Amino acid sequence: MISPLGKGFKVLEKGKKAICIGGGIGTPPMLAIAKEYGENATVISGFRNSAIAILQDDFKAQGNNTILCTDDGSAGKKGFVTDALKECLLNEKPDIIYACGPNVMLKAVAEIARDNGIYCQVSLEERMGCGVGACLVCACKTVKDGEEYFAHVCKDGPVFSAEEVIF
Ligand code: FES
């Protein structure tokens, strides 16, 4: 077994504040990083409805503030995680934003972070083949120092600085 694959989220020093955003199955990867920040982390999770909303008690148990969003309003706030994020930023800006979820969500989160001047890391969920950088199944377009290149999510990620990813 080869694990864990690739690079994970960068943890800032103690006392820094984070917003962790998980969309659907992108929510479980937020548990470990949110734990690092305890009460200094706000976790925004989004699900289609209450029946599939998970882990809210686990986040609370590790001291995190939680904001639950559902598409149909059957639990928490009705709406997208990006709406909740914008609302949070009106009150306080965190030192970092972490996100994992569908690409359209990551793209929107990355734009909000950029517009607010907040460093953001995203964890990309791509199909994996070999897992070691040989098959190109997980290629994703990125930019570094003004040059576009295809990164391997398995080897170079799955976590990237949001500004590096071309969504
Ligand atoms: S999974 Fe094969 S190159 Fe990434």
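Note that the structure is a prediction, hence the values are computed from the model and not measured.

Engineer: Mind laying out the nonpolar core, listing which residues take part and the relevant values?
Structural biologist: Core analysis: the biggest nonpolar cluster contains 41 residues, and C20, I21, Y98, V109 and V122 have the highest contact counts within it. No other element matches helix α4 (residues 103–115), which puts 6 residues into this core. Residues lining this core come from more than one domain, with at least three contributed by each of domain 1 (18–125) and domain 2 (126–158). Non-local contacts of I21, meaning those with residues more than four positions away in its chain, are made with I44, V81, L85, I97, Y98, A99, G101 and V109.

Engineer: Break down the sheet that holds strand β1 (residues 18–23) for me, citing the residues and quoting the values.
Structural biologist: By way of backbone hydrogen bonds, the strands of a sheet pair with one another, either parallel or antiparallel. What the 7 strands build is an open sheet, ordered β4-β3-β2-β1-β5-β6-β9; its pairing is mixed. Two strands close off the open sheet at either side, each with one partner strand: β4 (77–78) and β9 (159–161). Taken together, the 5 bridges between strand β5 (residues 96–100) and strand β6 (residues 119–123) define a ladder with parallel strand orientation. Counterpart to I96 in the pairing with β6 is Y119. With respect to the sheet, helix α1 (residues 30–37) is in contact with β1, β2 (41–47) and β5, its orientation differing from that of β1 by roughly 165°. The strands touched by α4 are β1, β5 and β6; relative to β6, the strand with the most contacts, the crossing angle is about 170°.

Engineer: Please provide a residue-by-residue account of the domain arrangement of the protein, values included.
Structural biologist: By the assigned domains, the protein splits into domain 1 (18–125) and domain 2 (126–158). Placing a centre on the C-alpha atoms of domain 1 and another on those of domain 2 gives a separation of 24 Å.

Parameters at a glance
- Residues numbered from 1 in each chain as written.
- Predicted model: local features only at pLDDT ≥ 70, side-chain atom pairs only at ≥ 80, totals over all residues.
- Core = buried A, V, L, I, M, F, W, Y, C linked by C-beta atoms within 7 Å.
- Buried ≥ 20, exposed ≤ 12 C-beta atoms within 10 Å, placed from the backbone.
- Helix = DSSP H or I, 4+ residues; strand = E, 2+ residues; numbered from the N terminus.
- Domains from an automatic or database assignment.
- Contact = placed C-beta atoms within 7 Å.
- Pairing = 2+ DSSP bridges.
- Axes fitted to C-alpha atoms, helices over the stretch in contact; angles between N-to-C directions.

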